[in-house]
Amino acid sequence: MGEKKNDILQGTLVLLILRTLASGKRMHGYAITARIHEVSEELLRVEEGSLYPALHRMEQEGWIKAEWGKTEKKREARFYSLTALGRKRLQQEEESWRRLTEGVARVIRYA
Amino acid sequence: MAWYRQLRNIFRPSRLQNDLQKELAFHVTERADDLREAGMSEPEADRAAHLQFGNLTAQIERTRDMDIPERLEASLRNLRLAVRSLAKAPAFSLTVILTLALGIGANSAVFSAIDAVLLRPLPFPNGDALLLIQQAQLKSSERNVAPVRLEDWNRLNTTLLGISGYYSADTSELSGEMPEKLKCQYVAPRFLQVLGVAPALGRDFTAQEEHNGGPNAILISDRLWRRRFDGTPDVLGKTLRFGQTSYPVIGVMPPSFRFPDGDSDVWFPSAPDYPFALRRELTWFTAIGRLKPGVTLAQARDNLMTVQSNLARQFPKPDAEISPRVELLKESKVGGVRRSLWVLFGSVSLLLLIACTNIAALLMSRSTGRQQEIAVRFSLGASRASVAAQQLAEVFVLALAGAGLGLLAAMGASVVFRSLARELPRIEEIRLNWRIVIYCLVCALATTLLSGLIPAIRSTRRSLSQSLAQAGRSQVSGRHPLQLALVAAQVAFAVTLLGGAGLLLRSFQELGRVNPGFDPQHVLTLHISTSWAETGDPKAGKQRMDRILEGLASLPGVESTASSAFLPGVPNEYQLDIQTDRGRAESEPKVHAYARFASPSYFATMHMPLLAGEICREGSAQAPLIVNRMFANLYLNGTDAIGHTLTVQGNAYVPSGQIQGIVGDAREAGLDRDPQPTVYWCGTSFQPGTNFLVRTHGDPAALTEAVRRKLHELEPMRSVYDITPLTDHISDAYAENRLRTILLACFAVTAVSLACVGLYGTLSYLVNLRRREVALRLALGALRGQVVRQFLGVGLRTAAAGSAAGLVLAAVFARLLSGMLFGVSATDGATAAGVLAIVLTVSGAASLIPAVRAARVEPMQALREE
């Protein structure tokens, strides 16, 4: 792994997962990584080491729910989808992200 | 349901592991697929995918941690820690476990009885809708219902699904080699419908079978089916023979069906339209009914009242004097023992409270010893809650172990109850079930909180610096008022229980000391089977009776024999309103008396003295009567009574008669009741339930075989049963009394022992704590006697304070017991003094040992230990 990838800032992973699942489609873990990778035009790469603990913690929190299903290739995979609680959480996360970036941007600009 | 998933994850870790492995492996495979599509070779793609994913096991572990919530895991960790630390203090743990096993066991045992007897509905579908219906009559204590009236009530009421009834008789079954006595029930129509039970095999009676002239048919019990027919299904249609008639079996009842009692083996239909059943004044059914859904007891009662008042207009004689009495069947069965059981339950709850207090004191002593450990945990950053939780976890582990042992004790409860009180209603239904298990668990939880909370809060209250500062060992320890208060509380509860037990024991003693007016010793009682049908020929019955009584009297070792409808000294409520031929003013009270029916030899056999007149001269025009002294004095000016005629109106069974003699007063209707005005109808009628009384020279039980042989010779076609000394019947009649007395006495003794152990333990602990202080004082010249007095004083003062509080509680307890006492008042001074003497003596002894140990401290040695 020669090239340097952008690691995801602690805490933003939840936001990214929630946002990715907000499309309403149920997705398995690999699809979520692939989607984030693709949408961010390969800027962001989700570490497997953080993804699954995060998914399982979010499931315990009740933001997402999981069920076993078959992929197009007929493989068994665990699919995640957003719950109502997760949708609410997504709003909060987006709001706090907006404030964080605004704050950071101001600091960069004026400090 | 997040918590459900979490719990599942905790209890099924292997499944969680498998799922995780599958999920993560899928990720790797998908990645390898993508890499291959991007042009890598297969092994290369696999390797790259694995590399990128990192260590699979480590990832699984990290992810799994998210699935098992921290709080639950902390609880588990606490429990593990608790078990480990308790294993290091086996003596302490064992003491607590045994104390709790005793407390929880006794509590669950009594609860299992309460559950079976009082709480659970009767074992019939919707058993709480079943009613007992009796007829109350102005002039008689007769409660049975006439068959015609039962049918009228059933037809005319609007609130009941149905009314039926039954009466019992012991009858000989004659198809075997030997006659066998079977308890038979003669049932009114709709019997099984009202109870809501169907035969396990075969069918219910048909309408034809339930009416006069219909085909013969019987239902038999499961146990009779197994005993006589080996439990084979082809029993249907086989016959049993009673008297001259064979009856085909049409059904077998399920094993759980025990109505009206567990001894019943055969059910016959009793047609309400037999010619002799049509008289409105002849009564024999114990009637039962079933409420329609949504109807209350009060509505049913009102409805039947209305029905009866309509009947009274139609048949003024005798219906105008009759009114229905309705109560819940369950209440009629268990109402009498409710108070006893709750008193016992209260007592065991006090016992459990003592156990909890005891453990609380023990824990506080222990946690003082662990101050260092607690301080270290605080200094390592543990929160107060977590330290307290850890201590509670320890108690909980102990409580669970105690509850487990207690459950074993509760399992034995039914055996104990059965041996102590065979006559307790529904006793056969006491058995272990999941409700008892849950109750045990609740007990464990409650004891954890009761005994663990205060010590846990107190031991974690001190701030860190304080504890560390206190760790200096040379300090004289402060006072320990809370621990002593807990001990005092134990003493108080123990005094309460002992006070109650003392009153019951004294009542029991008084009951044994009472002069009953007859001699219950050396009397053998027995029954001989017969049927109501035979009473149709009273002359033959009398001849048979005389032959039996004479035959038995001729046996060596027999003094005399008699027969009686009721057993003397066994509670019984048969009372009648009687008219005398002496004119009575309107203002005078009605003549009300207990009625007894006995053979002329009864008075000699029971050693009841004849005071005036003569005993039952037969052959006179009127039935010969004997009255007791009280009746004669109260209603007929003493000895003038002889020659007067007494009549009973409205009762077809009891003929009028002439008083021929006066006998001494006797406690015929129960040893615990004063003698009542009593009239004896002399006669030797032979009917189901008649008691035969055989007075023997020696031990009555020794004659059992001789009596049985003689009766087989005299009456080969009849069975003889219930051959029992009269004293056993009397003591069985007070079984509930005996049960509560023995149990309460056991609980009280346990309570006093526990309180003493508590006192001893706490005092020993205090002595230990103050060893150096004592050593110092001894070194400075204090006398050993002073030291002993000091600690003994602490113990006795604590016990005295507890006793004072206990006496107040005992007075409250005694008020609850007041209905159960006999010959002793609830505020009996002697009992209270006795209780105080016992408790203070025992607690003095318990304090003396640690006090003496304190005085034995070797000053030099103790001081050098520092």
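Because the structure is predicted, anything quoted here is derived from the model rather than measured. (Residues numbered from 1 in each chain as written. Chains lettered and ligands numbered in written order. Predicted model: local features only at pLDDT ≥ 70, side-chain atom pairs only at ≥ 80, totals over all residues.)

Draft legend 1. Inspection of the overall build of chain B at higher detail. Within chain B, the regular secondary structure consists of 29 helices and 22 strands. Computed over the C-alpha atoms, the radius of gyration of chain B is 37 Å, more than 25% above the 29 Å expected from 2.2 N^0.38 for a compact globule of 866 residues. Taking the principal axes of the C-alpha coordinates as reference, chain B spans close to 115 × 100 × 55 Å. Residue burial in chain B is summarised as follows: out of 866 residues, 40% are buried. Counting only contacts in chain B whose residues sit at least 6 apart along the sequence, the fraction spanning at least 24 positions is 83%. (Helix = DSSP H or I, 4+ residues; strand = E, 2+ residues; numbered from the N terminus. Rg over C-alpha atoms; globule rule 2.2 N^0.38 Å. Buried ≥ 20, exposed ≤ 12 C-beta atoms within 10 Å, placed from the backbone. Contact = placed C-beta atoms within 7 Å.)

Draft legend 2. Molecular detail of the nonpolar core. Residue and element names in this part refer to chain B. Core analysis: the largest hydrophobic core is formed by 108 residues, its most contacted members being Leu351, Ala494, Leu497, Leu498 and Ala751. Counting residues per element, this core draws most heavily on helix H19 (residues 481-513), at 17 residues. With residues near it in sequence (within four places) discarded, Ala494 still touches Ile354, Ala751, Val752, Ala755, Gly806 and Val839. In this structure, Val148, Tyr186, Val249 and Leu291 belong to the second largest nonpolar core, which totals 52 residues. (Core = buried A, V, L, I, M, F, W, Y, C linked by C-beta atoms within 7 Å.)

Draft legend 3. Expanded view of the domain arrangement of chain B. Residue and element names in this part refer to chain B. Here the domain parsing of chain B yields domain 1 (2-68), domain 2 (70-125 + 336-472), domain 3 (140-320), domain 4 (480-515 + 732-866) and domain 5 (530-717). Placing the centre of domain 3 and that of domain 5 at their C-alpha centroids yields a distance of 30 Å. On the side of domain 5, 13 residues touch domain 3, which itself brings 13 residues to the contact. Broken down by element, the side of domain 3 that touches domain 5 gets its largest block of residues, four residues, from strand S2 (residues 160-173). (Domains from an automatic or database assignment.)

Draft legend 4. Up close: the interface of chain A and chain B. With 15 residues of chain A at the interface, the matching set in chain B holds 18 residues. For the side of chain A that touches chain B, the secondary-structure elements that each account for two or more residues are helix H2 (29-39), helix H3 (48-61) and strand S3 (76-82) of chain A. In terms of residue count, H3(A) provides more of the side of chain A that touches chain B than any other element does, seven residues in total.

Draft legend 5. Broad picture of the pairing of strand S19 (residues 657-663) of chain B. Residues and elements named next belong to chain B. Counting buried residues along S19, six of its seven residues qualify, which places the element largely inside the surrounding structure. Relative to S19, strand S16 (residues 610-613) runs antiparallel, the two sharing three bridges. Within S19, the residue paired with Gly613 across the bridge is Gly661. Looking at chain direction, strand S17 (residues 623-628) and S19 are connected through six bridges and run parallel. Bridge pairing in S19 links Asn628 to Val663. Inspection of the sheet shows strand S18 (residues 645-647) paired to S19 by two bridges, in the antiparallel sense. Note that in S19 the partner of Thr645 across the bridge is Gln658. (Pairing = 2+ DSSP bridges.)

Draft legend 6. The arrangement of the sheet that holds strand S2 (residues 64-70) of chain A in detail. Residues and elements named next belong to chain A. On the basis of which strands lie adjacent, the open sheet formed by three strands has the order S1-S3-S2 and antiparallel pairing. Edge positions in the sheet fall to strand S1 (27-28) and S2, since each of these pairs with one other strand and no more. Across two bridges, the pairing between S1 and S3 is antiparallel. Each bridged residue has a counterpart across the sheet, and for Met27 the counterpart in S3 is Tyr80.

Draft legend 7. Focus on the pairing of strand S1 (residues 130-137) of chain B. All names here are of chain B. Alignment of S1 against strand S9 (residues 286-291), held across four bridges, turns out to be antiparallel. Note that in S9 the partner of Ile133 across the bridge is Ala287. Sheet topology places S1 next to strand S10 (residues 322-328); seven bridges connect them, and they run antiparallel. Note that in S10 the partner of Gln134 across the bridge is Arg325.

Draft legend 8. The arrangement of helix H1 (residues 12-21) of chain A in detail. All names here are of chain A. By the criterion of burial, H1 is predominantly enclosed, with seven of the ten residues buried. Along H1, the residues that are buried comprise Leu13, Val14, Leu16, Ile17, Leu18, Thr20 and Leu21. Against the buried residues of H1 lie S1, H2, H3, S2, S3 and helix H4 (84-110).

Draft legend 9. Here's a closer look at unusual backbone geometry. Along the chain, B:Phe259 connects to B:Pro260 via a cis peptide bond; the corresponding omega equals 0°. Within the element layout of this structure, B:Pro260 appears in the loop between strand S7 (245-252) and strand S8 (264-269). Backbone torsion omega between B:Lys317 and B:Pro318 reads 5°, so that peptide bond is classified as cis. Position of B:Pro318 relative to the elements: it lies in helix H11 (residues 316-319). Located in the positive-phi region is A:Glu42, a residue other than glycine, with phi close to 65°. Mapped onto the secondary structure, A:Glu42 falls in the loop between H2 and H3. The phi dihedral of B:His607 is positive, around 60°, even though this residue is not glycine.

Draft legend 10. Representation of the packing of H1(A) against H4(A) in the model. Residue and element names in this part refer to chain A. In the contact formed by H1 and H4, the axes pass within 9 Å of each other and the chain directions differ by 130°. Comparing the axis directions of H1 and H4 gives the class oblique. Crossing hand, H1 versus H4: left-handed. Side by side, H1 and H4 meet where Thr12, Val14, Leu15, Leu18 and Arg19 of the first sit next to Gly86, Arg89, Leu90, Glu93, Glu94 and Trp97 of the second. In terms of residue class, the contact of H1 with H4 is built from five nonpolar, two polar and four charged. (Axes fitted to C-alpha atoms, helices over the stretch in contact; angles between N-to-C directions. Parallel < 35°, antiparallel > 145°, perpendicular 65-115°, else oblique. Left-handed = near helix turned anticlockwise from the far one by under 90°. Nonpolar A, V, L, I, M, F, W, Y, C, P; charged D, E, K, R; others polar.)

Draft legend 11. Structural context of the environment of A:Arg35. Residues and elements named next belong to chain A. As for its placement among the helices and strands, Arg35 is situated in helix H2. Considering only alpha carbons, one finds Arg35 and Phe79, 44 residues apart in sequence, at a separation of 14 Å. Ignoring any residue separated from it by four or fewer positions in sequence, one finds Arg35 in contact with Thr20 and Met27.

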